Amino acid sequence: MSLRLGDTAPNFKAKTTIGEIDFYDYLGDSWGVLFSHPADFTPVCTTELGKTALLNGEFAKRNVKVLALSVDPLDKHMSWIGDINETQHCDVTFPIIADEDKTVANLYGMIHPNASETFTVRSLFIIGPDKKVKLTITYPASTGRNFNEVLRVIDSLQLTAKYSVATPADWKDGEDVIVTAAVPTAEIPERFPKGHKIIKPYLRTTPQPNK
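From a predicted model like this one, the values you see are computed outputs, not experimental measurements. (Residues numbered from 1 in each chain as written. Predicted model: local features only at pLDDT ≥ 70, side-chain atom pairs only at ≥ 80, totals over all residues. Heavy atoms only, no water.)

## Considerations on the nonpolar core
- V33, F35, F59, F94, L124 and I126 are the most contacted members of the largest nonpolar core, which has 29 residues in total.
- Put simply, the parts of the chain that give this core at least two residues each are β3 (31–36), α2 (43–54), β4 (64–70), α4 (74–88), β6 (122–127), β7 (133–139) and α6 (147–162).
- Residue contributions to this core peak at six residues, all from α6.
- Residues in contact with L124, not counting those within four places in the same chain, are V33, L34, F35, L135, T136, I137, R145, F147 and V150.
- Formed by 20 residues, the second largest nonpolar core is a distinct cluster that contains A9, L69, V104 and Y108. (Core = buried A, V, L, I, M, F, W, Y, C linked by side-chain atoms within 4.5 Å. Buried < 20%, exposed > 50% of the residue type's maximum accessible area, 1.4 Å probe, protein only. Helix = DSSP H or I, 4+ residues; strand = E, 2+ residues; numbered from the N terminus. Contact = heavy atoms within 4.5 Å.)

Listed below in structure tokens is the structure:
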């Protein structure tokens, strides 16, 4: 199964390091980040989960709940958390899903047979409060993800969900944004009272409206 943007994220029940969860119930009205890693007790994965734990406050500020997943068993996850906390100087409190039967991995298309027939690749899904897939990123096993980029795109997704704006290349929270084509130029002053610039008729910018 290949999930596309706008698809409904499949619900599931799973055993995790914080107990059994129903995915939808766990998310509630929050945004969600669901990401897979190839295997426990591996170096890149250890740094990724550690980085996620260190950014826990940043995810919480954005009303985002994070879940990790691998096809390793629960007892292995529990043991590995000790190594992550020790080596990455963090405290892993988010759930790690034990997907031994690959149910969730198959629901979300996390196993790419031409890369590995048994292990998940580094898939990441951002899911909105409406349970729709808002963003997907896939990395190979050899390349660790940039979780500051994950926070950046969450900022963009949350902003553009509320306002008729888009974010330009390399945009960071607090910088100017682009007024979408759906807003006539004549309506910009009323819709975006902080001011605007017309660079081209199709390229209009305004200060970030929620700052």
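Back to the write-up after that little detour.
## Description of the side chain of R204
- Here R204 shows up in strand β11 (residues 203–206).
- One buried charge, R204, has no salt-bridge partner; the nearest side chain with opposite charge is E187, at 9.1 Å.
- A polar contact is formed between the side chain of R204 and the backbone oxygen of T180, at a distance of 2.7 Å.
- Those residues in contact with R204 that sit more than four places away from it in its chain are V177, I178, V179, T180, A181, V183, P184, T185, I188, K197 and I198. (Lys, Arg positive; Asp, Glu negative; His and termini not counted. Salt bridge = Lys/Arg side-chain N within 4 Å of Asp/Glu carboxyl O. Polar contact = N/O pair within 3.5 Å; in protein donor to acceptor, adjacent residues only side chain to side chain.)

## A few points about the environment of T185
- Structurally, the position occupied by T185 is in the loop between β9 (177–179) and α7 (188–191).
- Given a relative accessible area of 35%, T185 falls into the partly exposed group.
- C-alpha separation for the pair T185 and H89, spaced 96 residues apart in sequence, amounts to 51 Å.
- A polar contact is formed between the side chain of T185 and the side chain of R204, at a distance of 2.8 Å.

## Re α6
- Over its 16 residues, α6 extends 23 Å from the first C-alpha to the last, a length consistent with the 22 Å expected when each residue adds 1.5 Å.
- All of the buried residues along α6 are F147, V150, L151, V153, I154, D155, S156, L157, Q158 and L159.
- N-capping of α6 is provided by N146, with a side-chain oxygen placed 3.0 Å from the backbone N of N148. (Expected span 1.5 Å × (residues − 1).)

## Comments concerning the UniProt feature "active site" (unreviewed entry) in the protein
- Annotation from UniProt places "active site" (unreviewed entry) at C45.
- Considering the arrangement of structural elements, one finds C45 in helix α2.
- Residue C45 is classed as buried on the basis of its relative accessible area of 0%. (UniProt positions renumbered as here; feature names shortened; annotations may be inferred.)

## So, the layout of surface pockets
- As a volume, the largest pocket reaches approximately 260 Å³.
- Every residue lining the largest pocket is listed: K61, R62, D155, Q158, L159, K162, Y163, D173, Q208, N210 and K211.
- The element best represented in the lining of the largest pocket is α6, accounting for four residues.
- Its residues assigned to classes, the lining of the largest pocket shows two nonpolar, three polar and six charged. (1 Å grid on protein atoms, 1.4 Å probe; cavity = no way out; pocket = protein on both sides within 12 Å on 5 of 7 lines; lining within 4 Å. Points joined across faces, edges and corners; volume = space filled by probe spheres on them. Nonpolar A, V, L, I, M, F, W, Y, C, P; charged D, E, K, R; others polar.)

## Comments concerning the side chain of T16
- Considering the arrangement of structural elements, one finds T16 in strand β1 (residues 13–16).
- In terms of polar contacts, T16 uses its side chain to reach the backbone amide nitrogen of I18, at 3.0 Å.
- Within the local environment of T16, its side chain forms a polar contact with the backbone oxygen of G19, the two atoms lying 2.6 Å apart.
- Contact partners of T16, with chain neighbours within four places excluded, come to I21, L74, P95, I96 and I97.

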